[in-house]
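The lines below spell out each chain.
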Number of protein chains: 2
Amino acid sequence: MHKELLEDIGEKELINRLGKFMPRNQASDDCALIKTKNENLLINNDSLVENVHFDNVTISPQDLGWKAVVSNISDLLSSGSKKTIGITVSLILPSKTEWVWVEELYKGINKALNKYGGIILGGDCSQGNQKTISITAIGIQGELKLRRNACSPGEIILTTGIHGLSKLGYLIQNKNNLDKNISLNEKLIRQSIEHFCRPQVYPHFLTNLLKTRSNTKIKRIGCTDSSDGLFQAVQDLAIASNCKAIMNYSKIPKHKNWPKGDKWDEYYFFGGEDYELVFSLPKKWARKLSKLDKNITEIGFFIQGESSIEFTDNKKNKLLNRTPFKHF
Amino acid sequence: MHKELLEDIGEKELINRLGKFMPRNQASDDCALIKTKNENLLINNDSLVENVHFDNVTISPQDLGWKAVVSNISDLLSSGSKKTIGITVSLILPSKTEWVWVEELYKGINKALNKYGGIILGGDCSQGNQKTISITAIGIQGELKLRRNACSPGEIILTTGIHGLSKLGYLIQNKNNLDKNISLNEKLIRQSIEHFCRPQVYPHFLTNLLKTRSNTKIKRIGCTDSSDGLFQAVQDLAIASNCKAIMNYSKIPKHKNWPKGDKWDEYYFFGGEDYELVFSLPKKWARKLSKLDKNITEIGFFIQGESSIEFTDNKKNKLLNRTPFKHF
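Bear in mind that the values here come from a model prediction, so they are computed numbers and not experimental data.

Cut-off values and rules
Residues numbered from 1 in each chain as written. Chains lettered and ligands numbered in written order. Predicted model: local features only at pLDDT ≥ 70, side-chain atom pairs only at ≥ 80, totals over all residues. Helix = DSSP H or I, 4+ residues; strand = E, 2+ residues; numbered from the N terminus. Rg over C-alpha atoms; globule rule 2.2 N^0.38 Å. Buried ≥ 20, exposed ≤ 12 C-beta atoms within 10 Å, placed from the backbone. Contact = placed C-beta atoms within 7 Å. Pairing = 2+ DSSP bridges. pLDDT = per-residue confidence, 0-100. Axes fitted to C-alpha atoms, helices over the stretch in contact; angles between N-to-C directions. Parallel < 35°, antiparallel > 145°, perpendicular 65-115°, else oblique. Left-handed = near helix turned anticlockwise from the far one by under 90°. Nonpolar A, V, L, I, M, F, W, Y, C, P; charged D, E, K, R; others polar. Domains from an automatic or database assignment. Least-squares fit on C-alpha atoms with pLDDT ≥ 70 in both. Core = buried A, V, L, I, M, F, W, Y, C linked by C-beta atoms within 7 Å.

Some remarks on the overall build of chain A
Then, number 1: Helix and strand counts for chain A come out as 10 helices and 12 strands.
Then, number 2: Whereas a compact globule of 328 residues would reach a radius of gyration of roughly 20 Å, chain A reaches 21 Å, a difference of no more than 12%.
Then, number 3: Overall, the C-alpha framework of chain A stretches about 60 × 55 × 35 Å when taken along its three principal axes.
Then, number 4: In chain A, buried positions account for 49% of the 328 residues.
Then, number 5: Long-range contacts, defined as pairs at least 24 residues apart, comprise 90% of the intrachain contacts of chain A with a sequence gap of at least 6.

Quick word on the pairing of strand 11 (residues 296-303) of chain B
Then, number 1: As paired elements, strand 7 (residues 156-160) of chain B and strand 11 of chain B share five bridges and run antiparallel to each other. In the sheet register, I157(B) faces strand 11 of chain B, and the bridge partner there is G300(B).

Things to note about the confidence of the model for chain A
Then, number 1: Summary statistics for chain A give a mean pLDDT of 91 and a share of 96% for residues scoring 70 or more.
Then, number 2: Taken over the whole predicted complex, pTM reads 0.91, whereas the ipTM for its chain interfaces reads 0.88.

Re the packing of helix 3 (residues 61-77) of chain B against helix 4 (residues 99-116) of chain B
Residue and element names in this part refer to chain B.
Then, number 1: Look at helix 3 against helix 4: their axes get within 6 Å of each other, and the N-to-C directions meet at 40°. When the interaxial angle is binned, helix 3 and helix 4 end up oblique. Two packed elements cross with a definite hand, and for helix 3 against helix 4 that hand is right-handed. Contact with helix 3, carried on its side by P61, Q62, D63, L64, G65, W66, A68, V69, V70 and I73, involves W101, E104, L105, Y106, K107, G108, I109, K111, A112, L113 and Y116 of helix 4 and no other residues of that element.
Then, number 2: Residue composition of the contact of helix 3 with helix 4, grouped by class: 14 nonpolar, three polar and four charged.

Some words on the domain arrangement of chain A
Residue and element names in this part refer to chain A.
Then, number 1: You can read the domains of chain A as domain 1 (12-141) and domain 2 (145-321).
Then, number 2: A straight line from the C-alpha centre of domain 1 to that of domain 2 covers 27 Å.
Then, number 3: Of the residues lining the interface, 18 residues belong to domain 1; the matching set on domain 2 comes to 19 residues.
Then, number 4: For the side of domain 1 that touches domain 2, the element with the most residues is helix 3 (residues 61-77), which contributes nine residues.

Here we look at the environment of G19(A)
Residue and element names in this part refer to chain A.
Then, number 1: The residue G19 is located in helix 2 (residues 11-19) in this model.
Then, number 2: With 16 C-beta atoms counted inside 10 Å, the residue G19 sits in the partly exposed group.
Then, number 3: In the structure, G19 is positioned 104 residues away from G123 in sequence and 8.2 Å away in space, judged by C-alpha atoms.

A look at the relation of the copies chain B and chain A
The pair of chain copies shares a relation made of a rotation about an axis and a shift along it.
Then, number 1: The operation relating chain B to chain A is a screw motion whose rotation component is 180°, with 0.0 Å of axial translation and a residual RMSD of 0.0 Å. Those values place the two copies in the arrangement expected of a two-fold rotation axis. When each C-alpha of chain B is compared by its distance to the rotation axis, N38(B) comes out closest, at 2.1 Å.
Then, number 2: Mapped onto chain A, 100% of the interface residues of chain B are again interface residues, and the two copies thus contact each other with one and the same surface.

Quick notes on the nonpolar core
Then, number 1: Core analysis: the biggest nonpolar cluster contains 172 residues, and V69(A), V234(A), V69(B) and V234(B) have the highest contact counts within it.
Then, number 2: Non-local contacts of V69(A), meaning those with residues more than four positions away in its chain, are made with I87(A), I109(A), A112(A), L113(A) and I135(A).

As for the packing of helix 5 (residues 165-173) of chain B against helix 6 (residues 186-197) of chain B
Residues and elements named next belong to chain B.
Then, number 1: Interhelical geometry of helix 5 versus helix 6 gives an angle of 100° and a closest axis separation of 7 Å. Classed by the angle they form, the pair helix 5 and helix 6 counts as roughly perpendicular. Touching L165, S166, L168, G169, Y170, I172 and Q173 of helix 5 are I189, Q191, S192, I193, H195, F196 and C197, all from helix 6.
Then, number 2: Its residues assigned to classes, the contact of helix 5 with helix 6 comprises eight nonpolar, six polar and no charged.

Some points on the interface of chain B and chain A
Then, number 1: Taken together, the 54 residues of chain B in the interface contact 54 residues of chain A.
Then, number 2: Sort the elements by how many residues they give to the side of chain B that touches chain A and strand 2 (residues 41-49) of chain B lands first, with seven residues.
Then, number 3: A per-class count over the side of chain B that touches chain A returns 16 nonpolar, 25 polar and 13 charged.
Then, number 4: As defined by bridge partners, strand 1 (residues 32-34) of chain A adjoins strand 2 of chain B across three bridges and the pair is classed as antiparallel. In the sheet register, A32(A) faces strand 2 of chain B, and the bridge partner there is I43(B).

Description of the environment of Y202(B)
Residues and elements named next belong to chain B.
Then, number 1: Inspection of the secondary structure assignment puts Y202 in the loop between helix 6 and helix 7 (205-211).
Then, number 2: Separated by 124 residues in the primary sequence, Y202 and S78 have C-alpha atoms spaced 9.5 Å apart.
Then, number 3: Sequence-distant contacts of Y202, defined by excluding residues within four places in its chain, comprise L77, T160 and L277.

Some words on the sheet that holds strand 4 (residues 119-127) of chain B
Then, number 1: The strand order across the open sheet formed by five strands is 1(A)-2(B)-5(B)-3(B)-4(B), and the pairing between neighbours is mixed. The sheet is open, and its two borders are formed by strand 1 of chain A together with strand 4 of chain B, each paired with just one other strand. Put simply, the sheet's adjacent strands are angled 20° from each other on average, direction ignored.
Then, number 2: Two strands pair when backbone bridges link them, and strand 2 of chain B and strand 5 (residues 132-141) of chain B are joined in this way by nine bridges, in the antiparallel orientation. Within strand 5 of chain B, the residue paired with L41(B) across the bridge is I140(B).

Pasting the structure below:
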């Protein structure tokens, strides 16, 4: 079967076809227009580069499109976005890219937007030798400002969901040799691949935070997402808020079939791409929220001290010396 | 002398250093915040890819930074932006890139923002094998909506500035063999290199449009910029507005030392990267504006008919068959 490549299509027809993925009024102008109503906006930009952030072995173009959107929405949610307005999509693709790849990518993009809200505001496509998807997402700032630097000593550290699954999914998709002595539970395998390929986010997080807030004077909450791993998230909060995180290993929520051992701890804490929200709250608020939302767990607390992380269980502190994967 | 490479710096330190290019309150959070006052926003995204849109022979990193900003601001202005709020900068760089290259790039970015307004709202840097600069610019929609599809039959086609200089600058920088029989004027050479490396835009365009408008009921004007060449700009207007452009070759403003000949016409009409504004206005308005602003020239008019371009001088119509440079 003849595979239609971008170089066969030509630039004009390509622009024309890309326009069809967008709402009719957004296509074919120099800029996208956003109507605002005295609301503050949140802007986020994330780029995914082939063979750095993804490859064609571990993820399909449709899943990649989904994931590119979700990783941006996750950043918006972790800043307190109450609604995603839309995204711009900037693609860089080799001329030998098949058109069907682009189509599948946009299918995934639109599926994620259909689920979490927002439209495609604009986009462009340039030639390059490495596939790159750069998305800028725009959301509306909600009533609570979630910021990395808003944690305080005495507050409880919480997380949505569980970590490590995305990393395990990646390793499975990559056919990496995991642990030969361990046979992984089938449900864990399935859920890990799903976490890696079709990560979910928490659109009701802000609503639940507001529902359980008793002191309406509190307008800022310490929060980030775990796209670079749970440790990185807690460390980012500790550094930006200038306080010390004490984590309770025994409270960390794991998949019930998650194996034991240092390597599995490493996947859990450094894996990344889980898009869970990591945040801190005053004690009462934390209790009320984790009671309301069973996906939320207390995992430690902040104290005054040098920006750093420590485990209550001293034996676990060796974990902190591991060097996570770095892109440079 | 030891050259410091990105891979020597490490990811954390790199993020830290990039943060220093941004206003203090914008660094280190997941999203950038934009305060709006019931105003509509314009969003534009442009990516520049090494060896597709630029190379290290023809342009310095500082000029590249300037140009990346200006090309985005040009799109905002051509939509009627009255103020640039800011930009996000997404870089993809090989790990062997020298740090000084990044520093120079940001110097150019900040020089352009200092001149035309706007701040760096956020940015990130990923590893990749081809240098890529992707900028998203956000502006405030002014009173007049400038749109590609707002031209009407009977209106005069106008352009700011002159075209072709940027293309000539590129050829000179690239040490291309130009025309051996022609010795280029020194001023033309200098101005062409400047147009290519440090293009300028027209921040007062919208103000002048409003100053010369007599019918305040007109809220929409047909406009685009000539980043892809003058022909492409006129064609985009003709297609989006569904009318026919008649261009008057003898009225087209050229540099007084611009050589004659088909090749030079081709550079002029297809060159691109001039960032001039190409637009149409009712006759009276066109006269008043070109009287007020000596940088603006009438070059033709729109009539009813199939979306296309024609010259009043039939001999010049062969120019339209040239195939401009395409990226795919």
